[in-house]
Amino acid sequence: MNEPLERQVGPLLKAQNLKVATAESCTGGLVGDLLTNVSGSSEYYWGGVISYDNSVKQNILGVPEQVLMTVGAVSRECALAMAHGTRKLLKTEIGISTTGIAGPGGGTPDKPVGLVYIALVDNQGFERCERYVWESDRVGNKELSGQAALQMLLDYLQRN
């Protein structure tokens, strides 16, 4: 059986002397929870912001009001702004964000239940944002998003 993703990213973050911060909406802190399941994670995980409400996205993470008004909180633009915001706020090299519609309600034809954007940015100008549409229940959509965020972090760390 493969090592859980949170156990794979820790040694790489330590070896590369990188710190990470999270900004989570639809996952409600799950990514931070997973990262802190590993003893010694305080060496590389600085913390996170659970930005469930748009006012937190805007006032704490610095997501532009224009983004929220035009493309909305569940968008590539918002995910990237959230990741940049938490990285700057917590003064880390890496910022990761999740924003989406966990369900079972809240979906629309354009933005269905299970739609999630996950972004990762660094302090060198790197940006990646992926769009997913999960087909699970609320908890399953959150878990799939948390795992996808950690996989994105692992992929980033393995490329360096």
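Above this text sits the structure in question.
Residues numbered from 1 in each chain as written. Predicted model: local features only at pLDDT ≥ 70, side-chain atom pairs only at ≥ 80, totals over all residues. Heavy atoms only, no water.

**Focus on the pattern of salt bridges**
In step 1: As enumerated under the stated definition, the model contains four salt bridges in all.
In step 2: Linking K14 and E43 is a salt bridge whose minimum nitrogen-to-oxygen distance equals 3.8 Å. Within this pair, whereas K14 is found in helix 1 (residues 5–15), its partner E43 is found in the loop between helix 2 (30–35) and strand 2 (45–50), the two being separated by 29 residues in sequence.
In step 3: For K14, a relative accessible area of 40% corresponds to the partly exposed category.
In step 4: The partly exposed category is assigned to E43, whose relative accessible area is 46%. (Salt bridge = Lys/Arg side-chain N within 4 Å of Asp/Glu carboxyl O. Helix = DSSP H or I, 4+ residues; strand = E, 2+ residues; numbered from the N terminus. Buried < 20%, exposed > 50% of the residue type's maximum accessible area, 1.4 Å probe, protein only.)

**Let's talk about the side chain of N141**
In step 1: Along the chain, N141 turns up in helix 6 (residues 138–159).
In step 2: A polar contact of 3.2 Å, which involves the side chain of N141, links it to the backbone nitrogen of S136.
In step 3: If we skip the residues at most four places from it in the chain, N141 touches I101, A102, V113, G114, W134, E135 and S136. (Polar contact = N/O pair within 3.5 Å; in protein donor to acceptor, adjacent residues only side chain to side chain. Contact = heavy atoms within 4.5 Å.)

**With respect to the packing of helix 1 against helix 6**
In step 1: Close contact between helix 1 and helix 6 brings their axes to 9 Å; oriented N to C, the two are set at 30°. Regarding the angle of helix 1 to helix 6, the classification is roughly parallel. In this structure, helix 1 crosses over helix 6, and the sense of that crossing is left-handed. For the pair formed by helix 1 and helix 6, the contact residues are L5, E6, Q8, V9, L12 and L13 on the first element and Q147, L150, Q151, L153, L154, L157 and Q158 on the second.
In step 2: Split into classes, the residues belonging to the contact of helix 1 with helix 6 amount to eight nonpolar, four polar and one charged. (Axes fitted to C-alpha atoms, helices over the stretch in contact; angles between N-to-C directions. Parallel < 35°, antiparallel > 145°, perpendicular 65-115°, else oblique. Left-handed = near helix turned anticlockwise from the far one by under 90°. Nonpolar A, V, L, I, M, F, W, Y, C, P; charged D, E, K, R; others polar.)

**A look at the pairing of strand 3 (residues 94–100)**
In step 1: Of all the seven residues making up strand 3, seven are buried; the element is thus mostly covered by neighbouring parts of the structure.
In step 2: Where burial is concerned, the two faces of strand 3 agree: the one with I94, I96, T98 and G100 and the one with G95, S97 and T99 are both buried.

**Thoughts on the state of the cysteines**
In step 1: Considering all chains together, one arrives at zero disulfides under this definition.
In step 2: Free cysteine C26: the closest other cysteine sulfur is in C78, separated by 11 Å.
In step 3: Its relative accessible area of 5% is what places C26 among the buried residues.
In step 4: C78 provides the cysteine sulfur closest to C129, a residue in no disulfide bond, and the two sulfurs are 9.6 Å apart.
In step 5: Relative accessible area serves as the criterion here: at 15%, C129 is assigned to the buried category. (Disulfide = S-S within 2.5 Å.)

**Some thoughts on the sheet that holds strand 4 (residues 115–122)**
In step 1: Taken together, the five strands give an open sheet; going across it, the order is 2-1-3-4-5, and neighbouring strands pair in mixed fashion. Of all the strands in the sheet, the pair left with one neighbour each is strand 2 and strand 5 (127–133). In this sheet, adjacent strand axes meet at a mean angle of 15° when their direction is disregarded.
In step 2: By the bridge criterion, seven bridges tie strand 3 to strand 4 in an arrangement that is antiparallel. Within the sheet, the bridge partner assigned to G100 lies in strand 4 and is V116. (Pairing = 2+ DSSP bridges.)

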